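For reference, the chains in residue letters:
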Amino acid sequence: MKILLFMAALCVVVMSCTKGKTDYEAEIDTVVTEHVEFKEAATVTTNGYHIRIEALNGTFYKGYNEIRLKITNSQTGEISNTSGVTFLPIMTNAMGEHQSCPHRYQLMERSDEKYFSGYAVFTEKSSLDDSWNLYLSLTVNGQTFQVEKSINVQEQANKNLNMTVFTGKDNEQYIIALISPQKPKVSENELLAGIYRYQKPIDNPSGVFPDPTQFSYTEVNGYMLQLDPRMPEPSMGNHSSPNNKDLTQQNDGLYHGVVNYTMTGNWTLNFIMQNQDGQIIKGTVVPDDFTPGIAGAKSDLHIDILF
Amino acid sequence: MKKLSVGLVLLVFGIYAKAQDSQIKQDSTRRIDEVHVNRMVKKKIETEMKMSVSVDEFLASSENISFIKRGAYAWEPLLNNMSSERTNLTIDGMHIFGACTDKMDPITSYVESNNLSAIDITSGQAGSMHGSTVSGSIDLKRKSTPFSLDPKWSGAYQTGFEWNNKQFFNMGNLSYSDDKFVADGSISFRKAGNYADGHNDEVKHSQYHKFNTSLGMAYKTSPLSALRVDAIFDMAKDVGFPALPMDLWLSRALITSASYKQMFEDGLVKVWDSKIYFNAVEHYMDDTTRPENLVHMDMPGWSTTYGLVSKINLKKDDYASEIQLNAYENVSIAEMRMYPQDRNNRTMFAYSWPWVTTRYVGLSMNNAWEISDKSQVNVGGALGLNYNHAKYVEFNWIFHPGTPQEKTRFLPSLHANYQLNFDSFNFSAGTGYGHRAPSVSEGYGYYIYNSFDRYDYIGNPDLKNEISYEMNASLGFKKEKVGIEVKANYFYIQNYIVGRILNMGSPMNYQSVGVKGYTSLDHATLFNFSIGGHYDILQNLQWKGLLTYARGQDDRGGNLPFIRPLSYQTSVHFTHHKIGFQTSLNGDFTQNNYSPEYGEDKTSSYKIWNVSADYRFNIKNCKAVVQVGAENLWNEYYSTYADWGNIPRMGRNIFTSLKVGF
Ligand SMILES: [Cu+2]
């Protein structure tokens, strides 16, 4: 009996390891917060209707935001019979200049889920100089009215939802925004991005502000994003990963690919964007040289992430 | 009746117990020893040249063992010129797995020579008793004192100093036995500084510190049964690995077991011995002692194993058999965390062993029939079930998309051997067939840096079983004064697992030049040959010699790495009254069949001359031996074919030791 006690005691002493094991899943949580719940981000009550705008975590962030609009009768709380909902975000800077950002103008009705679906890729966060307003238009029970609502766009702390704005070789302005994964793993990750192009207005603005033709963005169709992920940290020598897949457009209009992250930390997603004809619109090849001690070279089209 | 029982139980716990004096007593009872089938002769833990040796030095004196050396400590044993994944390494049949991805901690580093009684080396499939293997098995036998009629104390103390690396060691062991109870305890400390090579240059980062202690207690529960508990605790601290880009800060192992043994006087079954065991190993490397490292990394590793061994021995007339059930579960975890140059940035983390569970259940058996006085047939086999599970299989998916998280393998093994003795000749011929599962690193390793070929290695969970077909033969001649033995074996290994350059991915470790993935060659072949002899020139003057040759080739005729070139050992032993004198010469010829593909270069020949002398005397009732000697007397500057990164071996070393036993 004494023997067993002694052994048990010895086991306990030694089994308590000198250094603790890493809880790597919990560690990713410390730099990446994953939001899965749509909450109210803004509300407007007008003409007897209550318009509730929802976004993930109830916050508009710089970058890609999925937007849900719910319109109810403010008295009864019943879902109202709504149609023709349009959505236009506009930023005004200190000089009073207006610009928009990629967005879905004509929101899509999800009748089964009873909301209108859209998105906005806010290109700046709200600040003293830059302020964002949403311009909505909707027809409820045959009555059409406009609504304006100022909103607050916050910095996106999760670098996995970063975005970039650039001018391509075709002189057009493009925006690439990362949509998913919010919380990558050391693994294969489905990579989802949106590519948008600013439509330069052809006509002069019409009298009523805001004229949507002046603030139009389109989802770019049929392009391809070549992907080359690297670790930019000097000690990593521009380390890359295998088995990545370039991003191509799928039925949802978004660009889908696969990125492999071989370890946690800082990564750079280097892109080369090609149009339908295979011409390079933006991006450069990153050399494959292993360069320990030197900060990793990047494509001139890239997005940095961190997890 | 009582006497017989005591005699039987005397054998229960250990065969070679203490010092030389108990040897004769045991010899008389060895006839009814456990029924050992087809196993090599046990050895006393000392070598020709040295009486106080480390476990590594002791193993090195065995003809079919060679070593990969990454420094002065924890050499990786190669059996039949095959690396440790292919060898079944156990302590008293217990499976233990090192916690180092860089193989800094073979099992042999977790014991000490003063808690071992012998090392069983079995070549090829005959070594499948404790689990599946290709090259054979190395079983480290712990010391265990038999029960005695009268209460008895025995013990030994050894101390010594080695000049070259200022190694100082102190080892003590103490045993108590009576007819009901036995206790064995041992403790040892070793401390060594950097050694100097043959140019008298200090080899930096070759120091080590080791502490080892063990305790075993047995209680006789009935005249024919006994219960035993054992524990070993080992701690190595501040161990340098000059051939690697990092050192060891701390490594600890706790090895415990409880066993119950029942003996039977009548009937077919003679002994039933069951043991449950648990062992835990933790291993923390340290690169902060190497300022040349650009990147600071933490690389901790843990390995935990639970297991069961249950064995019965059968004997009837000319037939003897051992049947053994082995079961164990191991979890191996290794992490790497790289620190960015700007420490404000986020550290980079990955698992190099993504929580890999290995479960094994196997039934092994060995049968021996004495066909006649002169000939014997041994037939045996094993069937094992090997299961792997990676908790973080997504790491493996990066290189092997969609590979299953679990993998189950059947590992069959068969072997047969025929032995014939006539007059002064003995002859044996055997054959074997067996599978082995890939090791944790081969299956699930993730960016494990190999500083030998400077590649990062990626495991492949879908590797096929390695299948070995083996033939062996030996021929010996023995007369009073002279003996000679020729041994050869040949392995044809299908799906031989090696690392091949991958044309995808890029290195993660900054010293690395590329990425290699474990893949299977169609086959590889290995041939080992040895010829050994001894001659008693005079009654007190003996000569011994050994020549070994090996050749390993892959499926395209290319050389396999770490194959020992033609090598020799020769020694002369002289005794006069209480004085003993021995001298030996050993060396390798030039390694012509090296493998550049696996990072090898041509290693030149070398020869090492050693001498030692000892004197035996008595202090009161204690027997004492004092020994003085020198290794590498010519101060040759050399590195062997298996020295990692061609680090030079130790130059001239003068050693002294004292052993007192009672
Ligand atoms: Cu290590």
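Residues numbered from 1 in each chain as written. Chains lettered and ligands numbered in written order. Predicted model: local features only at pLDDT ≥ 70, side-chain atom pairs only at ≥ 80, totals over all residues. Heavy atoms only, no water.

A. Focus on the overall build of chain A. Secondary structure summary: chain A contains two helices and 21 strands in total. The C-alpha extent of chain A, read off along each of the three principal axes, is 90 × 55 × 40 Å. Evaluated residue by residue, chain A yields a buried proportion of 50% over its 307 residues. Looking at chain A alone, contacts between residues at least 24 apart form 58% of all its contacts between residues at least 6 apart. As presented, chain A carries roughly 14200 Å² of accessible surface, and 48% of it is formed by carbon and sulfur atoms. (Helix = DSSP H or I, 4+ residues; strand = E, 2+ residues; numbered from the N terminus. Buried < 20%, exposed > 50% of the residue type's maximum accessible area, 1.4 Å probe, protein only. Contact = heavy atoms within 4.5 Å. Areas by Shrake-Rupley, 256 points an atom, 1.4 Å probe, with all protein chains shown as cover.)

B. Focus on the overall build of chain B. What chain B contains, in helices and strands, is five helices and 33 strands. Rg of the C-alpha trace for chain B: 24 Å, near the compact-globule value of 26 Å for 662 residues, within the 12% margin. Within the span of chain B, comprising 662 residues, buried residues form 61% of the whole. Partitioning the intrachain contacts of chain B with sequence separation of at least 6 by distance along the chain shows that 66% fall at a separation of at least 24. (Rg over C-alpha atoms; globule rule 2.2 N^0.38 Å.)

C. Molecular detail of the confidence of the model for chain B. All names here are of chain B. Residues with a pLDDT of 70 or more make up 93% of chain B, whose mean pLDDT is 89. Within the model, pLDDT remains below 50 along residues 1-42, and this stretch shows 92 contacts once partners closer than five positions in the same chain are excluded. Interface predicted TM-score (ipTM) for the complex: 0.87; the corresponding pTM is 0.88. (pLDDT = per-residue confidence, 0-100.)

D. Highlighting the sheet that holds strand E26 (residues 514-520) of chain B. All names here are of chain B. Taken in spatial order, the four strands line up as E21-E22-E26-E25 in an open sheet, and their pairing is mixed. For this open sheet the edge positions go to strand E21 (448-450) and strand E25 (497-501), each flanked by a neighbour on one side alone. Strand after strand, the sheet turns through a mean of 40 degrees between neighbouring axes, direction not considered. Summarising the sheet, E21 and strand E22 (residues 455-458) pair through three bridges and their orientation is antiparallel. Paired with Ile-448 across the strands is Tyr-457, a residue of E22. (Pairing = 2+ DSSP bridges. Axes fitted to C-alpha atoms, helices over the stretch in contact; angles between N-to-C directions.)

E. Region of the structure containing the pairing of strand E5 (residues 116-123) of chain B. Residues and elements named next belong to chain B. Among the eight residues in E5, seven count as buried, and that is most of the element. As defined by bridge partners, E5 adjoins strand E6 (residues 136-142) across seven bridges and the pair is classed as antiparallel. What sits directly across from Ser-123, in E6, is Gly-136.

F. The nonpolar core, seen in detail. In terms of nonpolar packing, the biggest core is built from 80 residues, with Ile176(A), Leu269(A), Met273(A), Met336(B), Met338(B) and Tyr446(B) touching the most fellow members. Leave out the neighbours within four places in its chain, and Met273(A) touches Phe166(A), Tyr174(A), Ile176(A), Ile195(A), Tyr223(A), Met224(A), Leu225(A), Gln279(A), Ile280(A), Ile281(A), Lys282(A) and Leu301(A). Within the second largest apolar cluster, 31 residues are counted, among which are Ile232(B), Ile255(B), Tyr328(B) and Tyr360(B). (Core = buried A, V, L, I, M, F, W, Y, C linked by side-chain atoms within 4.5 Å.)

G. View of the pattern of salt bridges. Applying the stated criterion across every chain, the model contains 34 salt bridges over all chains. For Glu54(A), the salt bridge identified is with Arg52(A), shortest N-O distance 2.8 Å. Between Lys298(A) and Asp304(A) there is a salt bridge, with its nearest N and O atoms 3.2 Å apart. Look at Lys298(A) and you get partly exposed, because its relative accessible area is 36%. By relative accessible area, Asp304(A) is classed as partly exposed at 23%. Where salt bridges share partners, they join Asp92(B), Arg142(B), Asp184(B), Arg228(B) and Asp230(B) into one cluster. (Salt bridge = Lys/Arg side-chain N within 4 Å of Asp/Glu carboxyl O.)

H. Structural context of the pairing of strand E16 (residues 319-339) of chain B. All names here are of chain B. Among the 21 residues that make up E16, 17 are buried, leaving the element largely enclosed by the rest of the structure. When strand E14 (residues 296-298) meets E16, the two strands line up antiparallel, connected through three bridges. Along E16, the bridge assignment pairs Asp-298 with Arg-337. In this antiparallel pair of consecutive strands, strand E15 (residues 300-316) and E16, the connection spans two residues, and Asp-317 shows a positive phi of 50 degrees. With 19 bridges joining them, E16 and strand E17 (residues 348-370) adopt antiparallel strand pairing. Looking across to E17, one finds that Ala-320 is bridged to Ala-368.

I. Layout of the interface of chain A and chain B. Between chain A and chain B, the contact holds 47 residues from the first and 51 residues from the second. At the junction of chain A with chain B, the criterion picks out three salt bridges. We note a salt bridge from Lys185(A) to Glu394(B), for which the minimum N-O separation is 3.3 Å. Linking chain A to chain B there are 16 residue pairs in polar contact (both at pLDDT 80 or more). Mapped by element, the contributors of at least two residues to the side of chain A that touches chain B are helix H1 (2-15) and helix H2 (24-31) of chain A. Per-element accounting of the side of chain A that touches chain B gives the leading share, seven residues, to H1(A). (Polar contact = N/O pair within 3.5 Å; in protein donor to acceptor, adjacent residues only side chain to side chain.)

J. Examining the domain arrangement of chain A more closely. Residue and element names in this part refer to chain A. Split by domain assignment, chain A resolves into domain 1 (15-28 + 157-306) and domain 2 (38-154). On the domain 2 side, the residues contacting the 15 residues of domain 1 number 19 residues. Together domain 1 and domain 2 conceal approximately 1400 Å² of surface at their shared face, both sides included; 76% is due to carbon and sulfur atoms. At the junction of domain 1 and domain 2, the tally comes to two residue pairs in polar contact (both at pLDDT 80 or more). Elements represented by at least two residues in the side of domain 1 that touches domain 2 include exactly strand E12 (163-167), strand E13 (173-180) and strand E15 (216-219). The dominant element in the side of domain 1 that touches domain 2, judged by the number of residues it contributes, is E13, at four residues. Among the residues making up the side of domain 1 that touches domain 2, the classes are represented as 13 nonpolar, one polar and one charged. (Domains from an automatic or database assignment. Buried area = accessible area lost by both parts, 1.4 Å probe. Nonpolar A, V, L, I, M, F, W, Y, C, P; charged D, E, K, R; others polar.)

K. Broad picture of a nonpolar patch on the surface. There is a patch of nonpolar side chains on the surface, built from Tyr469(B), Met471(B), Tyr490(B), Tyr492(B), Phe527(B), Leu547(B), Tyr549(B), Leu566(B) and Phe589(B) and spanning about 750 Å² of accessible area. Within the secondary structure, Met471(B) is located in strand E23 (residues 466-478). (Patch = residues over 30% accessible without salt bridge, like charges linked within 9 Å, V, L, I, M, F, W, Y side chains within 5 Å.)

L. Summary view of the packing of aromatic side chains. Using the criterion set out here, one finds 49 aromatic pairs over all chains in the structure. A ring pair is formed by Tyr261(A) and Phe307(A), whose centres lie 5.2 Å apart and whose planes are at 45 degrees; its orientation type is tilted. Here the residue Tyr261(A) occupies a position in the loop between strand E18 (255-260) and strand E19 (266-274), and Phe307(A) occupies one in the segment after strand E21 (302-306), the gap between them amounting to 46 residues. Take Tyr261(A): its relative accessible area is 1%, and that puts it in the buried class. We classify Phe307(A) as buried; its relative accessible area is 0%. Residues Tyr615(B) and Phe617(B) carry aromatic rings whose centres are separated by 5.6 Å and whose planes lie at 20 degrees to one another, so their mutual orientation is stacked. Using a relative accessible area of 22% as the deciding quantity, one classes Phe617(B) as partly exposed. By way of ring pairs, the aromatic residues Tyr24(A), Phe349(B), Tyr351(B), Trp355(B), Tyr392(B), Phe395(B), Phe399(B), Tyr446(B) and Tyr447(B) are connected into one cluster. Residue placement shows Lys391(B) over the ring face of Trp355(B); its charged tip is 4.2 Å from the ring centre. (Phe/Tyr/Trp six-rings, centres within 6.5 Å; stacked < 30°, edge-to-face > 60°. Lys NZ or Arg CZ within 6 Å of the ring centre and 35° of its normal.)

M. Region of the structure containing the sheet that holds strand E10 (residues 143-151) of chain A. Residue and element names in this part refer to chain A. Taken in spatial order, the four strands line up as E6-E5-E9-E10 in an open sheet, and their pairing is antiparallel. Every other strand in the sheet has two partners, leaving strand E6 (98-99) and E10 as the edge strands with one partner each. In the sheet, strand E5 (residues 82-92) pairs with E6 via two bridges, with the strands oriented antiparallel. By the bridge assignment, Thr-92 is partnered in E6 with His-98.

N. Local environment of H2(A). Within H2(A), burial applies to Tyr24(A), Glu27(A) and Ile28(A). Considered in projection along H2(A), the buried side chains sweep an arc of 100 degrees and stay on one side of the axis. Tucked inside the fold, the buried residues of H2(A) contact E16, E17 and helix H4 (394-397) of chain B. (Arc of directions from axis to C-beta.)

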